[in-house]
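# Geometric and topological summary
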Amino acid sequence: MADETTEQPGQPAAAPAAPAAPAARSLDDIKRDPLVAAAVARVDDAITGAREQVGEITLVVDRDRIVEVCRAFKSDGFVYLVDLCGVDYSKFPGNTNPRFAVAYTLYSFQKNGRVRLKVFTDEETAVPSVTSVWKTANWHERETFDMLGIQFSGHPNLERILMWEGFNGHPLRKDFPVRGIDTGARIYPEVFPEGGGPKAGSTGKDVKDVNIYKGEWKNYGLWPVAQIGGGNGAKAPAPAPAPKPVAAAPSEDEG
Amino acid sequence: MLDVHEMEVNFGPQHPSTHGVLRVLLRIDGERIIDAKPIIGYLHRGTEKLFEHMAYPQCIPHTDRMDYVASATNNLGFVETVEKLMGITGQIPRRAQLMRVMLSELQRISSHLLWLATHAIDIGAMTPFFYTFREREVVLDLFENYCGARLTLNCMRIGGMPDDLPAGWLDDLEAFVDRFDAAIDEYESLLTNNRIWKRRTIGIGVLSPEDAIEWGVTGPPLRGSGVNWDLRKALPYECYSELDFEVPLGINGDTYDRYLCRMAEMRQSRRILSQCIPLIKATPAGDIKAKISRVVRPPEGEVYHSIESPKGELGYYIVSDGKSQSAYRCHVRPPSFVNLQALPAMAKGHLVSDLVALIGTIDIVLGEVDR
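Computed from a prediction, not measured in an experiment: that's the story for all the values here.

### A few points about the state of the cysteines
- Taken as a whole, this structure holds zero disulfides over all chains when the rule is applied.
- With no disulfide of its own, C70 of chain A has C85 of chain A as its nearest cysteine by sulfur position, at a separation of 14 Å.
- As a non-bridged cysteine, C147 of chain B has C155 of chain B as the owner of its nearest cysteine sulfur, 5.6 Å distant.

Encoded structure:
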């Protein structure tokens, strides 16, 4: 950030010189910013880093104390959780932090300003859920879990939200191929047990092998050709399917 | 054991009033909703993943396809976020800023007209549909004259606008602006004092201001609950700070108030448009693009920026590694996704037929919910 300019290769001196960027403020200076000072004062030791860019303040927070920090910010006026999302830093050049980050964007109506909190975590370690602080965090955390596989401890129902249950992998991870994976979705999902598809990072070469269903074909497999193309002159009548008991038919006990 | 009085019913995903492929798992006692659980993801296309694999300018057509009835505002949010990260927000020519504002407000009108048509038709009022689509057609024609497309506009570029306004466009706009207030009066004469409409909307889906903020609800649903917050006023972008308009607010936070809010918002959008016309005539023609490199390569860092889309706060969070021409991570904060989360809280205790009104009043677009 120290001397980043907006100069672009290929078009020298086209853009007028960017307004002289103010020298980057230190961690303590950012903590004293009137926007965040009051909240930071309560949880000063939980904030391990800070950065300011394009007028936005980012505070790096100790992962295990994120709920406490969020409560402090909420009681200081940051009542609106704008956004919560995860980032996979595994392919970020020069990254030394743990693999994942979760970014919380908060907004204060009184101060009319936003602040971003950030925690770092790895594949195994869960981030404490902030659903107890803001109800709106529920779906955001589910989406972050679904897309990146970041675990949130204390979430009321941490299940997939955009992908279907049983999907194998987390699409926004950097090792997930952009063209997707063959999930075997053309066959009914009951065929595959939970997480039965190919692994994320698969090259696609092994997909066919993985997806061959080794078990017995049930009724929901392919339709026998004779039944579909039989026509009216077919001699062999299609075997009448045995009527199956309908599970939990609430028919007899209606009052 | 299953309580014989309670039933689980799937509402959607193939139901015309869900405005797409929304599925709501309802637990009902007779007609009364005990619990509602929205199930989404049927329209998930991995937009955020695609953003990571294409250059910034290539992403703009993909933003069209999120909220596909309000693509101009999607474009605007994306290009402004990239501009903010590159530090060129102040270099956008005034003519381009005004064009962006005009297209956004036209888009707000067209999105609200579509909302009104479908919301009314869900509740059982067929007639407003024909009236609103009459005006929406004019707005779409204006879009078509400008950029060639009617829905997926792709009408903004990083650093400015793709083309100048075609000849005669402002006259067409002026003609539309002149008669649009009368058209809103016409819609209101059909609904605002209609006894059936009031019965179906007053007191339905009440959202208190505290709850609305707690659920992160934004846009007309937030303002319908009486919270005076509009990003165009709170954190003004482009040239909204010098335009004169008001933020309509509701009182009770019910479906009727949200309806009144959106109707009043259309009038305010018309006001903004009428102010823009003389302003844009005073700017030099053709000055629509900042002088920046064709290669968009923002510095390393992260940025969050949001605009007031017709549905609420539309935000983009971009992480750039400073080396590549594509975003390292681009997260979209879609207003529909967040607003939809409040549906169970609003629906509890109401009838199934009211759920149809509630889905309409949140004004979701599933392309944006699922991305």
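### Brief notes about the confidence of the model for chain A
All names here are of chain A.
- Put simply, chain A has an average pLDDT of 71, and 61% of its residues get 70 or more.
- Under a pLDDT of 50 for its full length, residues 1-21 has, in the predicted model, 20 contacts with residues more than four places off or in other chains.
- Throughout residues 185-189 the model reports pLDDT below 50, and contacts reaching past four residues in sequence, or to other chains, amount to two contacts.

### Regarding the interface of chain A and chain B
- Facing 58 residues of chain A, the contacting portion of chain B comprises 56 residues.
- Carbon and sulfur atoms make up 55% of the area that chain A and chain B hide from each other, which totals about 5,000 Å².
- At the boundary of chain A and chain B, one finds nine salt bridges.
- In this structure, E302 of chain B engages K118 of chain A in a salt bridge whose closest nitrogen and oxygen atoms are separated by 2.9 Å.
- It is strand 3 (residues 80-88) of chain A that provides the largest number of residues to the side of chain A that touches chain B, a total of eight residues.
- The residue makeup of the side of chain A that touches chain B, split by class, is 30 nonpolar, 12 polar and 16 charged.

### Side note on the packing of aromatic side chains
Residues and elements named next belong to chain A.
- For the coordinates displayed, the defined rule picks out 23 aromatic pairs over all chains.
- Taken together, a centroid distance of 5.9 Å and an interplanar angle of 20 degrees make the contact between Y80 and F109 stacked. Within this pair, whereas Y80 is found in strand 3, its partner F109 is found in the loop between strand 4 (100-108) and strand 5 (113-121), the two being separated by 29 residues in sequence.
- For Y80, a relative accessible area of 1% corresponds to the buried category.

### Considering the side chain of K49 of chain B
- Mapping K49 of chain B onto the fold places it in helix 1 (residues 47-51).
- E52 of chain B provides the closest opposite charge to the buried, unpaired K49 of chain B, separated from it by 4.5 Å.
- Here the side chain of K49 of chain B touches P171 of chain A through a polar contact of 3.0 Å, landing on its backbone oxygen.
- Polar contacts involving the side chain of K49 of chain B include one to the main-chain carbonyl oxygen of F176 of chain A, which spans 3.0 Å.
- Residues within four places of K49 of chain B in sequence aside, it is in contact with P171, L172, R173, F176, P177 and V178 of chain A.

### Describing the sheet that holds strand 1 (residues 47-53) of chain A
Residues and elements named next belong to chain A.
- Taken together, the five strands give an open sheet; going across it, the order is 1-2-5-4-3, and neighbouring strands pair in mixed fashion. Looking at which strands have only one partner, the edges of the open sheet turn out to be strand 1 and strand 3. Averaged over all pairs of adjacent strands, the angle between strand axes in this sheet comes to 20 degrees, irrespective of strand direction.
- Both strand 2 (residues 56-61) and strand 5 contribute to a ladder of four bridges, which runs parallel. Its bridge partner lying in strand 5, L59 is registered against L117.
- Across the sheet, helix 3 (residues 66-75) lies against strand 2, strand 4 and strand 5, angled at about 175 degrees from strand 5, the strand it touches most.

### Here we look at the sheet that holds strand 3 (residues 32-39) of chain B
Residue and element names in this part refer to chain B.
- Read across the open sheet, the three strands follow the order 1-2-3; overall the sheet is antiparallel. Of all the strands in the sheet, just strand 1 (6-11) and strand 3 have a single pairing partner and so form its edges. Across the sheet, the axes of successive neighbouring strands diverge by a mean angle of 20 degrees, strand direction being ignored.
- The pairing of strand 2 (residues 23-29) with strand 3 spans seven bridges and is antiparallel.

### Comments concerning the environment of V178 of chain A
- For V178 of chain A, the position within the fold is in the loop between strand 7 (152-153) and helix 5 (207-211).
- Here V178 of chain A falls in the partly exposed class, since its relative accessible area comes to 38%.
- Discounting residues that sit within four places of it in the chain, V178 of chain A has contacts with K49, L50 and H53 of chain B.

### Remarks on empty space enclosed by the protein
- According to the stated counting rule, one finds two cavities of 30 Å³ or more in the structure shown.
- Empty space within the second largest cavity amounts to approximately 40 Å³.
- Lining of the second largest cavity is provided by L84, C85, G86, H140, E143, T144, M147 and L148 of chain A together with R329 and H331 of chain B.
- At the level of secondary structure, the elements contributing two or more residues to the lining of the second largest cavity comprise strand 3 and helix 4 (137-148) of chain A together with strand 6 (329-333) of chain B.
- Top contributing element to the lining of the second largest cavity by residue count: helix 4 of chain A, with five residues.

### A look at helix 5 (residues 127-147) of chain B
Residue and element names in this part refer to chain B.
- A rise of 1.5 Å per residue sets the reference length of helix 5, with its 21 residues, at 30 Å; its end C-alpha atoms lie 31 Å apart and thus fit the reference within 8%.
- For helix 5, the complete set of buried residues consists of P128, T132, E135, R136, V139, L140, L142, F143 and Y146.
- Lining the buried residues of helix 5 we find helix 4 (94-123) and helix 6 (169-191).
- Positive phi shows up at G148, right after helix 5, with a value of about 95 degrees.

What counts and how
- Residues numbered from 1 in each chain as written.
- Chains lettered and ligands numbered in written order.
- Predicted model: local features only at pLDDT ≥ 70, side-chain atom pairs only at ≥ 80, totals over all residues.
- Heavy atoms only, no water.
- Disulfide = S-S within 2.5 Å.
- pLDDT = per-residue confidence, 0-100.
- Contact = heavy atoms within 4.5 Å.
- Buried area = accessible area lost by both parts, 1.4 Å probe.
- Salt bridge = Lys/Arg side-chain N within 4 Å of Asp/Glu carboxyl O.
- Helix = DSSP H or I, 4+ residues; strand = E, 2+ residues; numbered from the N terminus.
- Nonpolar A, V, L, I, M, F, W, Y, C, P; charged D, E, K, R; others polar.
- Phe/Tyr/Trp six-rings, centres within 6.5 Å; stacked < 30°, edge-to-face > 60°.
- Buried < 20%, exposed > 50% of the residue type's maximum accessible area, 1.4 Å probe, protein only.
- Lys, Arg positive; Asp, Glu negative; His and termini not counted.
- Polar contact = N/O pair within 3.5 Å; in protein donor to acceptor, adjacent residues only side chain to side chain.
- Pairing = 2+ DSSP bridges.
- Axes fitted to C-alpha atoms, helices over the stretch in contact; angles between N-to-C directions.
- 1 Å grid on protein atoms, 1.4 Å probe; cavity = no way out; pocket = protein on both sides within 12 Å on 5 of 7 lines; lining within 4 Å.
- Points joined across faces, edges and corners; volume = space filled by probe spheres on them.
- Expected span 1.5 Å × (residues − 1).

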